[in-house]
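Reading the structure
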Amino acid sequence: VPPVYSGFIPSRATLILAPTNLHSQWIAEITKFTGKTFKVISVPTCAQLKRLTARDIVEADVIVATYRLFYSTPYLRRLQEVAKTQQPDFCFPRLPGGEKGGHPGGRMLLRTTAEWARAYRSAFDSLAKWARAQADTGRMTAASTFEPVTPSKGLHQEAGTLPGED
């Protein structure tokens, strides 16, 4: 594993990101053509992701997740909490109108969208440092024994609202 990825869980799995409406079809097609040859993990929501162990991910051949998972409020909240462990002032910017509301057009939307994309990338980049810190503190002794630790609720309460939350 390259040093920049130390602390991450190595896996040989192929990650497939599918639209929500095609998630089940992907699982069915993989099973139809490969039978029980591959260990396939289905991750349509954050709840299913939270139930996975590191061992599940390490031993998987294919992981099918939905695009929506990575923009769900629980996932974004967790990503923000992890980012705050590395960047204490980190917070996702609010999107105009929330994720379900109407968005104003023009330059404001483009500027806000670009700002949000930069924040997402920054939060995602902080995962490597967070993973290394987990390894350094002994929370991760081997990929098969790693169990994720959720930051304290205090961080969640300080985090404020996420895009789409009112």
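Residues numbered from 1 in each chain as written. Predicted model: local features only at pLDDT ≥ 70, side-chain atom pairs only at ≥ 80, totals over all residues. Heavy atoms only, no water.

**Focus on the overall build of the protein**
Helix and strand content of the protein: 6 helices and 3 strands. Ordered by position from N to C terminus, the α and β elements of the protein give β-α-β-α-α-β-α-α-α. Of all 166 residues assigned to the protein, the portion counted as buried reaches 31%. Sequence-distant contacts in the protein: of pairs separated by 6 or more residues, those separated by 24 or more amount to 68%. For the protein, the exposed area adds up to about 10300 Å²; of that, 58% sits on carbon and sulfur atoms. (Helix = DSSP H or I, 4+ residues; strand = E, 2+ residues; numbered from the N terminus. Buried < 20%, exposed > 50% of the residue type's maximum accessible area, 1.4 Å probe, protein only. Contact = heavy atoms within 4.5 Å. Areas by Shrake-Rupley, 256 points an atom, 1.4 Å probe, with all protein chains shown as cover.)

**Re the pattern of salt bridges**
Tallying each qualifying case throughout the model produces 5 salt bridges. Between D61 and R12 there is a salt bridge, and its shortest N-O distance comes to 3.0 Å. Taken together, the positions of D61 in the loop between α3 (54–59) and β3 (62–66) and R12 in the segment before β1 (14–18) put the pair 49 residues apart, joining distant regions of the chain. Among the salt bridges present, the one from D125 reaches R121, with a minimum N-O distance of 3.0 Å. Of this pair, D125 and R121 both sit in helix α5 (residues 106–136), 4 residues apart, which is roughly one turn of that helix. Among the residues examined, R121 registers a relative accessible area of 51% and is labelled exposed. Taken together, the shared-partner salt bridges in this structure form one network comprising K39, R55 and E59. (Salt bridge = Lys/Arg side-chain N within 4 Å of Asp/Glu carboxyl O.)

**Description of the nonpolar core**
Taken as a class, soluble globular proteins show a tendency for nonpolar side chains to be buried jointly. Counting residues in hydrophobic clusters, the biggest one holds 22 residues, and the most contacted among them are I41, V43, L79, F90, F92, Y120 and A123. Of all the secondary structure elements, the ones that give two or more residues to this core are β2 (40–43), β3, α4 (73–86) and α5. In contact with A123, other than residues within four places in its own chain, are L79, A83, F90 and F92. (Core = buried A, V, L, I, M, F, W, Y, C linked by side-chain atoms within 4.5 Å.)

**Describing the packing of aromatic side chains**
Inspection of every chain in the model, using the stated rule, returns 7 aromatic pairs. Here F70 and Y75 contribute two aromatic rings whose centre-to-centre distance is 5.1 Å and whose plane-to-plane angle is 85°, an arrangement assigned as edge-to-face. The interplanar angle of 80° and the centroid separation of 5.1 Å between the aromatic rings of F90 and F92 together place this pair among those described as edge-to-face. Looking at F90, the relative accessible area reads 7%, which means it is buried. Judged by its relative accessible area of 3%, F92 is buried. (Phe/Tyr/Trp six-rings, centres within 6.5 Å; stacked < 30°, edge-to-face > 60°.)

**Considerations on the confidence of the model for the protein**
Here the protein averages 77 in pLDDT, while 67% of its residues score no lower than 70. Model confidence for the protein, summarised as mean pLDDT per element, is weakest for helix α6 (residues 153–158) at 40 and strongest for β3 at 96. Overall, residues 99–103 carries pLDDT values under 50, and its contacts beyond four positions in sequence, including any with other chains, amount to 9 contacts. Between residues 140–161, whose pLDDT stays under 50, and residues either more than four places distant or in other chains, the model counts 40 contacts. (pLDDT = per-residue confidence, 0-100.)

**Points about the sheet that holds β2**
As summarised here, the arrangement of the 3 strands in space is β1-β3-β2, forming an open sheet in which the pairing is parallel. The open sheet has two free edges, formed respectively by β1 and β2, since each of these has just one partner strand. With strand direction ignored, the average angle separating the axes of adjacent strands in the sheet is 20°. Where β2 lies against β3, 4 bridges are found, and the strand directions are parallel. In the sheet register, V40 faces β3, and the bridge partner there is V62. (Pairing = 2+ DSSP bridges. Axes fitted to C-alpha atoms, helices over the stretch in contact; angles between N-to-C directions.)

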